[in-house]
Amino acid sequence: QKRELLLLRCREFGLPGVVVEASVGSPSAFRFHSRTEFKFFLRGGVQLGLHPAGSPVPIAVGLCHLHPSASQRAFEATLEAVRSEPGALPFNERTGTGYLCQALFRAATLRGEVGVGEPGGGTGAG
């Protein structure tokens with residue numbers, strides 16, 4: 001299904017000759033996502049979490065079994081750094097205060113690297 005959708009998009013963008021190989025599933029149900037994204041929010045202190053489908057209320061995540069161990073360490077270090085900075089506050093859409101929106105973790109497991117940033121490279125509320 002993903003392959004057909006990708007082929008359709010390639011044709012739509014004028015790339016009809018693109019060859020898309022069949023997808024290969026991960027051999028593991030854990031630690032296979034090279035990219036994970038979480039939202040900052042304030043509930044008993046700064047948290048990182050996810051929104052359940054159809055809900056505006058995020059759920060705090062302390063441990064993610066989908067990203068590699070190196071990404072989990074970066075996740076924990078990010079939370080620790082943010083929590084130690086008194087002025088670091090999640091962006092509040094109602095008041096326009098704060099600047100932390102989301103954290104993006106990308107792992108290059110073959111190179112042993114993890115990048116941490118904000119999706120789109122923005123600076124917060126914009």
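Residues numbered from 1 in each chain as written. Predicted model: local features only at pLDDT ≥ 70, side-chain atom pairs only at ≥ 80, totals over all residues. Heavy atoms only, no water.

(A) Spatial organisation of the overall build of the protein. Scanning the protein from terminus to terminus reveals two helices and five strands. Along the protein, from the amino end to the carboxyl end, the secondary structure elements read α-β-β-β-α-β-β. By principal-axis analysis of the C-alpha atoms, the protein measures approximately 55 × 30 × 25 Å. Evaluated residue by residue, the protein yields a buried proportion of 26% over its 126 residues. Long-range pairs, those at least 24 residues apart, make up 46% of the contacts in the protein with a sequence separation of at least 6. Summed over all atoms, the accessible surface of the protein reaches about 8800 Å², with 58% contributed by carbon and sulfur. When the 13 positive and 10 negative side-chain charges of the protein are each reduced to one mean point, those points stand 4 Å apart. (Helix = DSSP H or I, 4+ residues; strand = E, 2+ residues; numbered from the N terminus. Buried < 20%, exposed > 50% of the residue type's maximum accessible area, 1.4 Å probe, protein only. Contact = heavy atoms within 4.5 Å. Areas by Shrake-Rupley, 256 points an atom, 1.4 Å probe, with all protein chains shown as cover. Lys, Arg positive; Asp, Glu negative; His and termini not counted. Charge placed at Lys NZ, Arg CZ, Asp CG, Glu CD.)

(B) Spatial organisation of the environment of cysteine 10. Along the chain, cysteine 10 falls in helix α1 (residues 2-12). In sequence terms cysteine 10 and valine 20 are ten residues apart; their C-alpha atoms lie 9.7 Å from each other. Ignoring anything within four residues of it in the chain, the contact list for cysteine 10 reads Leu15, Pro16 and Val18.

(C) Structural view of the packing of aromatic side chains. Applying the stated criterion across every chain yields a total of three aromatic pairs. Centroid distance phenylalanine 38 to phenylalanine 75: 5.0 Å. Interplanar angle 75 degrees. Geometry classified as edge-to-face. Taken together, the positions of phenylalanine 38 in strand β1 (residues 35-42) and phenylalanine 75 in helix α2 (residues 69-84) put the pair 37 residues apart, joining distant regions of the chain. Judged by relative accessible area, which is 2%, phenylalanine 38 ranks as buried. (Phe/Tyr/Trp six-rings, centres within 6.5 Å; stacked < 30°, edge-to-face > 60°.)

(D) The arrangement of the nonpolar core in detail. Within the largest apolar cluster, 14 residues are counted, with the highest numbers of intra-cluster contacts made by Phe38, Phe40, Leu48, Phe75, Val82 and Phe105. Contributions of two or more residues to this core are made by β1, β2 (46-50), α2 and β4 (102-108). A total of four residues in this core trace back to one element, the largest contributor, which is α2. For phenylalanine 105, the residues in contact, after removing those within four places along its chain, are Ser34, Arg35, Thr36, Phe38, Leu48, Ser71, Ala74, Phe75, Thr78, Gly115 and Val116. (Core = buried A, V, L, I, M, F, W, Y, C linked by side-chain atoms within 4.5 Å.)

(E) Here's a closer look at the pairing of β2. Here β2 lies mainly inside the structure; four of its five residues are buried. Two strands pair when backbone bridges link them, and β1 and β2 are joined in this way by four bridges, in the antiparallel orientation. Counterpart to leucine 42 in the pairing with β2 is valine 46. Turn length for the β1-β2 hairpin, with the two strands adjacent in sequence and antiparallel, is three residues, and the turn residue glycine 44 shows positive phi of about 65 degrees. Across two bridges, the pairing between β2 and strand β3 (residues 59-60) is antiparallel. For glycine 49, the partnering residue across the bridge sits in β3 and is alanine 60. (Pairing = 2+ DSSP bridges.)

(F) Up close: the pattern of salt bridges. Tallied over the entire structure, the rule returns two salt bridges. When the shortest N-O distance is used, the salt bridge between arginine 35 and glutamate 37 registers 3.1 Å. (Salt bridge = Lys/Arg side-chain N within 4 Å of Asp/Glu carboxyl O.)

Geometric descriptors of this kind do not, in isolation, establish any biological role.
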